[in-house]
Amino acid sequence: MEYWNSTLGSGFILMGILKDSGSPELLCVIITVLYMLALTSNGLLLLVITVDSRLHVPMYFLLGQLSLMDLLFTSVVTPKALMDFLRSENTISFAGCALQMFLALMLGGAEDLLLAFMAYDRYVAICHPLNYMVFMRPRVCWLMVATAWILASLSAIVYTMYTMQYPFCKARNIRHLLCEIPPLLKLACADTSRYELLVYVTGVIFLLLPLSAVVASYALILFTVLHMPSNEGRQKALVTCSSHLTVVGMFYGAATFMYVLPSSLHSPKKDNITSVFYTVVTPALNPLIYSLRNKEVMEALKRVLGKYMLDLFSLAHATLHP
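- The protein carries the name Olfactory receptor 2ag2-like in an unreviewed UniProt entry, which gives Lynx pardinus as its organism.
- Within the UniProt record for the protein, the comment given under Subcellular location (unreviewed entry) is "Cell membrane".

## Thoughts on the UniProt feature "transmembrane region" (unreviewed entry) in the protein
- When the UniProt feature table is mapped onto this chain, "transmembrane region" (unreviewed entry) is found at residues 24–48, 60–78, 98–120, 140–162, 197–225, 237–261 and 273–292.
- Taken end to end, residues 24–48 is 100% helix and 0% strand, and its first and last C-alpha atoms sit 36 Å apart.
- End-to-end, the C-alpha atoms of residues 98–120 are 33 Å apart, and along that stretch the chain is 100% helix and 0% strand.

## Structural notes on the sheet that holds strand 3 (residues 173–174)
- Strands sit in the order 2-1-3 across an open sheet of 3 strands; the sheet is mixed. Strand pairing shows two members of the sheet lacking a second neighbour, strand 2 (91–92) and strand 3, which therefore form its edges.
- One ladder, built from 2 bridges, connects strand 1 (residues 12–14) with strand 3; its direction is parallel. The partner of Ile13 across the bridge, within strand 3, is Asn173.

## Notes on a nonpolar patch on the surface
- A contiguous nonpolar patch, built from Leu197, Tyr200, Val201, Ile205 and Leu209 and spanning about 480 Å² of accessible area, is present on the exposed surface.
- For Ile205, the position within the fold is in helix 8 (residues 193–226).
- In this structure Ile205 comes out as partly exposed when scored by relative accessible area, which is 45%.

## A word on the confidence of the model for the protein
- Averaged over all residues, the pLDDT of the protein is 83; the fraction at 70 or higher stands at 88%.
- When the elements of the protein are averaged for pLDDT, helix 11 (residues 295–320) gives the smallest value, 64, and helix 6 (residues 138–164) the largest, 95.

## Thoughts on the pattern of salt bridges
- Enumeration over the complete set of coordinates arrives at 4 salt bridges.
- In this structure, the salt-bridge partner of Arg303 is Asp52, at a minimum N-O distance of 2.9 Å. Within this pair, whereas Arg303 is found in helix 11, its partner Asp52 is found in the loop between helix 2 (24–51) and helix 3 (58–87), the two being separated by 251 residues in sequence.
- Residue classification places Arg303 among the partly exposed positions, given a relative accessible area of 30%.
- With a relative accessible area of 7%, Asp52 lands in the buried category.
- The closest approach of N and O atoms between Arg87 and Asp84, which form a salt bridge, is 3.6 Å. With Arg87 and Asp84 both in helix 3 and 3 residues apart, this pair spans about one turn of that helix.
- On the accessibility criterion, Asp84 (4% relative accessible area) is buried.
- One connected set of salt bridges, linked through shared partners, spans Lys80, Asp84 and Arg87.

Criteria and thresholds
Residues numbered from 1 in each chain as written. Predicted model: local features only at pLDDT ≥ 70, side-chain atom pairs only at ≥ 80, totals over all residues. Heavy atoms only, no water. UniProt positions renumbered as here; feature names shortened; annotations may be inferred. Helix = DSSP H or I, 4+ residues; strand = E, 2+ residues; numbered from the N terminus. Pairing = 2+ DSSP bridges. Patch = residues over 30% accessible without salt bridge, like charges linked within 9 Å, V, L, I, M, F, W, Y side chains within 5 Å. Areas by Shrake-Rupley, 256 points an atom, 1.4 Å probe, with all protein chains shown as cover. Salt bridge = Lys/Arg side-chain N within 4 Å of Asp/Glu carboxyl O. Buried < 20%, exposed > 50% of the residue type's maximum accessible area, 1.4 Å probe, protein only. pLDDT = per-residue confidence, 0-100.

Structure representation (structure tokens):
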């Protein structure tokens, strides 16, 4: 089989979901709307958490990091996919493919760890409320966030470098929305079975350890909530936790399908649908899930938007009536 010099050649061709869709124009509009929703909702949530001092607590600090990760994750993939479709040009250079893979792995890995830390935050808040600001003091919060970013970055660098060192065949069509390990290894002209096994084992560990922490945290939370004397406190705890569990379910479900299920259960169509789910749909829904059911966030949003609208009105009035 012939090889092609991926470092000097024209790179890869991303055969994403838009190319294979029966109604690509409609799907392009839907993805565009979801992307704009992800940008707006995550951007607003970040703004509110940053500006409103009442939200300067560990729970919202971690939520702000989740919004930042979602904002970056969807922006790594979606704009290129949409522009490629509009220009009818789906090429991506070797370096661009490696960069996209690194960023996607880093942001996905960081979110994986962050969701476990967010579960721990809820556990401390509900099960040990009197010691909450001791266990979740600012230094601990920053350490959690730094750990998530650093471990995910190191893991992404190793995966990306090892994956991209394989020789690739002349057929350079990646039947996927973005450059990821499983579809890219299908183009390798070398035995990748050991590496695929390593990716599977490390993927299981990297997903199951944080997921186990999430399950353990919420098992303890549920036990505590069921023994709460106050119905109001019980309801507030359940609403907060159900929002987080919804996000956890969406993230880990998609990640498990992509990196844990055996290759026999994969197909380009299923993989593309899954990739759209975790790169476009989930980032758009996460801030809505957290904010719409959270009175503190909604009230803070009204205060911040009201303040900016008032400032804008005052500026316009001063301009028109000097």
